[in-house]
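Chain by chain, the residues run as shown.
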Amino acid sequence: MSRLWNLWTGFVALWVTDIEKEHPEIAYQNSIASMTEKYTKLKQASGRIIARRLDLEGRLQTAKAELSQVSTQLNTALATNQDDLAMVLIQKKNALDEDIKGLEADFAEADKDAEEAKASLLDMKGEIDRLKSEKDRMIAKFQSAQARIKIQESLDGLSIDAEVQALAGVREHIKGRVAEAKLGSELRESDLDQRLKSLNRSAGAVTARAQLEQMKKAMEANNAAGGKSL
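Residues numbered from 1 in each chain as written. Predicted model: local features only at pLDDT ≥ 70, side-chain atom pairs only at ≥ 80, totals over all residues. Heavy atoms only, no water.

The chain is annotated in an unreviewed UniProt entry as PspA/IM30 family protein of Ideonella lacteola. Annotation of the chain in UniProt includes, under Sequence similarities (unreviewed entry), the sentence "Belongs to the PspA/Vipp/IM30 family." (UniProt positions renumbered as here; feature names shortened; annotations may be inferred.)

This is how it looks when you write it as structure tokens:
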């Protein structure tokens, strides 16, 4: 079953590939839709990263403001010799220093992540825009090539409309009739030539016969004249 499934999916993939070759706009649109979906998910993830950075930034500002206040209170306690209060404020100040140090480290990391997410978003958006521009450009080229191929096929006789086929038939018929008329004329001329040649031969025989008769008559006349003289 696994082999049959792989065979079936292979046939489907080939079929889809053939369709995409004939209709490239489908392949481009599918790629754009896929990248747009990834862009949306990346944007959502980037939103959470940026929200974390904003939260850390707010907590850091709050901690720094509180530290500033505690530092002011500590200076006042020291100036007024309130040592017990000063000790409490020193401990609070130390805790705030540690918190601020941790918050600054977390904020730096979150800020880096946010900048990388923004850069990825910009790159992906640029890739989508580039793909859309490429789609328009390549589809226009494809359609132009298709039109040129159809024109070339028409000129080469590979794709002839019914009207053109009918005209070609008429042309062939006219050529056939012209050839037929020419052949008839040639045949007639040939027959006339033969008759003339035959007539010439007959005329020669008649002339020769007449000459023979004249020669015979002349001989007979000569013979008759010779007999009388004896």
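Colleague: Summarise the overall build of the chain; cite the residues concerned and give the values.
Modeller: Secondary structure assignment for the chain yields 4 helices and 0 strands. Along the chain, helices and strands appear, N-terminal first, in the series α-α-α-α. By residue count, 12% of the 230 residues in the chain fall in the buried class. For the chain, the exposed surface amounts to about 18,100 Å²; the carbon and sulfur share of it is 58%. (Helix = DSSP H or I, 4+ residues; strand = E, 2+ residues; numbered from the N terminus. Buried < 20%, exposed > 50% of the residue type's maximum accessible area, 1.4 Å probe, protein only. Areas by Shrake-Rupley, 256 points an atom, 1.4 Å probe, with all protein chains shown as cover.)

Colleague: Kindly report on a nonpolar patch on the surface, identifying the contributing residues and their values.
Modeller: Among the surface-exposed residues, Val 170, Ile 174 and Val 178 lie close enough to one another that they form a single nonpolar patch of about 260 Å² accessible area. Tracing the backbone through its elements, the reader meets Ile 174 in helix α4 (residues 162-229). Look at Ile 174 and you get partly exposed, because its relative accessible area is 48%. (Patch = residues over 30% accessible without salt bridge, like charges linked within 9 Å, V, L, I, M, F, W, Y side chains within 5 Å. Salt bridge = Lys/Arg side-chain N within 4 Å of Asp/Glu carboxyl O.)

Colleague: Can you break down the side chain of Arg 53 residue by residue, with the values?
Modeller: You can see Arg 53 is positioned in helix α2 (residues 24-79). Of the residues examined, Arg 53 reaches a relative accessible area of 14% and is grouped as buried. Residues in contact with Arg 53, not counting those within four places in the same chain, are Phe 107, Ala 110, Asp 111, Ala 114 and Glu 115. (Contact = heavy atoms within 4.5 Å.)

Colleague: Residue-level account of the environment of Asp 97, with values.
Modeller: Here Asp 97 lies in helix α3 (residues 83-155). For Asp 97 and Lys 64, which are 33 residues apart along the polypeptide, the C-alpha to C-alpha distance reads 8.6 Å.

Colleague: Explain the nonpolar core to me, and be specific about the residues and the numbers.
Modeller: Soluble globular proteins: nonpolar side chains tend toward being buried together. Residues Leu 89, Ile 100 and Leu 103 are the most contacted members of the largest nonpolar core, which totals 13 residues. When residues of this core are traced back to their parent elements, those giving at least two are α2 and α3. In terms of residue count, α2 provides more of this core than any other element does, 7 residues in total. Excluding its chain neighbours within four sequence positions, the residues that come into contact with Leu 103 are Leu 56, Arg 59, Leu 60 and Ala 63. Grouped together as the second largest cluster of nonpolar side chains are 8 residues, Ile 32, Met 35, Tyr 39 and Leu 131 included. (Core = buried A, V, L, I, M, F, W, Y, C linked by side-chain atoms within 4.5 Å.)

Colleague: Just give me the short version of the pattern of salt bridges, but keep the residues and values in it.
Modeller: If you walk through the whole model with that rule in mind, you get 11 salt bridges. The residue Asp 55 makes a salt bridge to Arg 59 at a minimum N-O spacing of 3.8 Å. With Asp 55 and Arg 59 both in helix α2 and 4 residues apart, this pair spans about one turn of that helix. Judged by relative accessible area, Asp 55 falls into the partly exposed class, the value being 42%.

Colleague: Describe the environment of Lys 64, and please don't skip the residues or the numbers.
Modeller: If you trace the backbone, Lys 64 turns up in helix α2. Each C-alpha atom of the pair Lys 64 and Leu 96 lies 7.9 Å from the other, and the pair is 32 residues apart in sequence. Apart from residues no more than four positions distant in its own chain, Lys 64 is found in contact with Ile 100 and Glu 104.

Colleague: Residue-level account of the confidence of the model for the chain, with values.
Modeller: With 71% of its residues at a pLDDT of at least 70, the chain reaches an overall mean of 79. Confidence scores differ between elements of the chain, with helix α1 (residues 2-22) showing the lowest mean pLDDT of 51 and α2 the highest of 90. Here residues 11-16 is modelled with pLDDT under 50, and outside its nearest four sequence neighbours on either side it reaches 0 contacts, counting other chains as well. (pLDDT = per-residue confidence, 0-100.)

Colleague: How would you summarise α2 if you had to cite specific residues and measurements?
Modeller: The end-to-end C-alpha distance of α2 is 81 Å, a good match for the 82 Å that 56 residues give at a rise of 1.5 Å each. Directly beyond the C-terminal end of α2, a positive phi value near 60° is found at Asn 81. (Expected span 1.5 Å × (residues − 1).)

Colleague: Describe unusual backbone geometry, and please don't skip the residues or the numbers.
Modeller: A positive phi angle is found at Asn 81, which is not glycine, with a value near 60°. In this fold, Asn 81 is placed in the loop between α2 and α3. Note on Asn 81: relative accessible area 63%, which makes it exposed.

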